[in-house]
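# Commentary on secondary and tertiary structure
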Amino acid sequence: MTFWLFKSEVATWSWDQQVAKGDAGEEWDGVRNYQARNHMRAMKPGDLGFFYHSQKEKEIVGIIEVIAESHPDSTTDDDRWDCVDIKAVRALPRPVTLAMCKDDPRLADMVLVNNTRLSVQPVTPEEWTIILELAGDKG
DNA sequence: GCCAACGTTGGC
DNA sequence: GCCAACGTTGGC
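Below: a short report on this structure. (Residues numbered from 1 in each chain as written. Chains lettered and ligands numbered in written order. Predicted model: local features only at pLDDT ≥ 70, side-chain atom pairs only at ≥ 80, totals over all residues. Heavy atoms only, no water.)

All residues adjacent to DNA strand B are Asn33, Tyr34, Gln35 and Arg117. Close to the protein, within 4 Å, the atoms of DNA strand B belong to sugar or phosphate groups at a rate of 69%. Here glutamine 35 contributes a side-chain N or O atom positioned 2.9 Å from a phosphate oxygen of DNA strand B. In the model, a base oxygen of DNA strand B is placed 2.7 Å from a nitrogen or oxygen of the arginine 117 side chain. Residues that form the surface near DNA strand B fall into these classes: 1 nonpolar, 2 polar and 1 charged. (Near = heavy atom within 4 Å. Polar contact = N/O pair within 3.5 Å; in protein donor to acceptor, adjacent residues only side chain to side chain. Nonpolar A, V, L, I, M, F, W, Y, C, P; charged D, E, K, R; others polar.)

Here's what the structure looks like:
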């Protein structure tokens, strides 16, 4: 089991839209960054991830599950770009803001804090647990 | 709205 | 293969 974090602007693809897709989920398309793509290629069905709203909200709002391995991105003919499918698992009881992550010394090395521009990134098991704690999520 | 960080492109 | 120019992301 590996943990991840997916970033999206609310205007582009929001948590509510993800939830509306239900268990069918949706492909995480549109990624045009090699690092982000490589992370998606490393994902396995059953992996869990956080759903983060960038720009305005700047907070982790929910948990998603990877439901399909990486496959060609249907929004482009360029075969360099792959994506996975994800579905919403549950919303966090309270969102965890970027500011909260920055304020917690245990999260000082988190990619979210240190590489603001990477839209798909790994999360360590320790970070995963800490964020669930900050969110008041009991699993 | 600005700007820092960083990734990509393309000329050489 | 280097690097300058440019474009984009996203926090502030």
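Right, let's get into helix α2 (residues 34-41). Among the residues making up α2, those that are buried are Ala36, Arg37, His39 and Met40. Burial along α2 is one-sided: seen end-on, the buried residues are contained in an arc of 155 degrees. Along its buried surface, α2 packs onto β1 (3-9), β4 (59-72), β5 (82-97) and β6 (120-123). Sitting at the amino-terminal end of α2 is asparagine 33, which places a side-chain oxygen 3.0 Å from the backbone nitrogen of glutamine 35. (Buried < 20%, exposed > 50% of the residue type's maximum accessible area, 1.4 Å probe, protein only. Helix = DSSP H or I, 4+ residues; strand = E, 2+ residues; numbered from the N terminus. Arc of directions from axis to C-beta. Contact = heavy atoms within 4.5 Å.)

Enumeration over the complete set of coordinates arrives at 8 salt bridges. When the shortest N-O distance is used, the salt bridge between glutamate 26 and lysine 21 registers 3.5 Å. On the basis of relative accessible area, glutamate 26 is assigned to the partly exposed category, the value being 25%. We classify lysine 21 as partly exposed; its relative accessible area is 37%. Between arginine 80 and aspartate 78 there is a salt bridge; the shortest N-O distance is 2.7 Å. Relative accessible area serves as the criterion here: at 27%, aspartate 78 is assigned to the partly exposed category. (Salt bridge = Lys/Arg side-chain N within 4 Å of Asp/Glu carboxyl O.)

Within the element layout of this structure, methionine 40 appears in helix α2. Separated by 12 residues in sequence, methionine 40 and tryptophan 28 place their C-alpha atoms 9.2 Å apart. Excluding residues within four positions of it along the chain, methionine 40 makes contact with Trp28, Val31, Ser70, Asp82, Cys83, Val84 and Val120.

Quick look at the environment of serine 119 now. Relative to the assigned elements, serine 119 resides in the loop between α4 (111-114) and β6. Along the chain, serine 119 and aspartate 85 lie 34 residues apart, while their C-alpha atoms are 15 Å from each other. Beyond its immediate stretch of four places on either side in the chain, serine 119 contacts Leu5, Phe6, Lys7, Val31 and Ala36.

Let us look at the protein's contact with DNA strand C. Every residue lining DNA strand C is accounted for by Lys7, Tyr52, Ser54, Gln55, Lys58, Leu98, Lys102, Thr116 and Arg117. Restricting the count to atoms of DNA strand C within 4 Å of the protein gives a sugar and phosphate share of 75%. Interatomic distance of 2.9 Å between a backbone N/O atom of glutamine 55 and a phosphate oxygen of DNA strand C. Lysine 102 is positioned such that a nitrogen or oxygen atom in its side chain is 2.5 Å from a phosphate oxygen of DNA strand C. Here the surface near DNA strand C is composed, by residue class, of 2 nonpolar, 3 polar and 4 charged.

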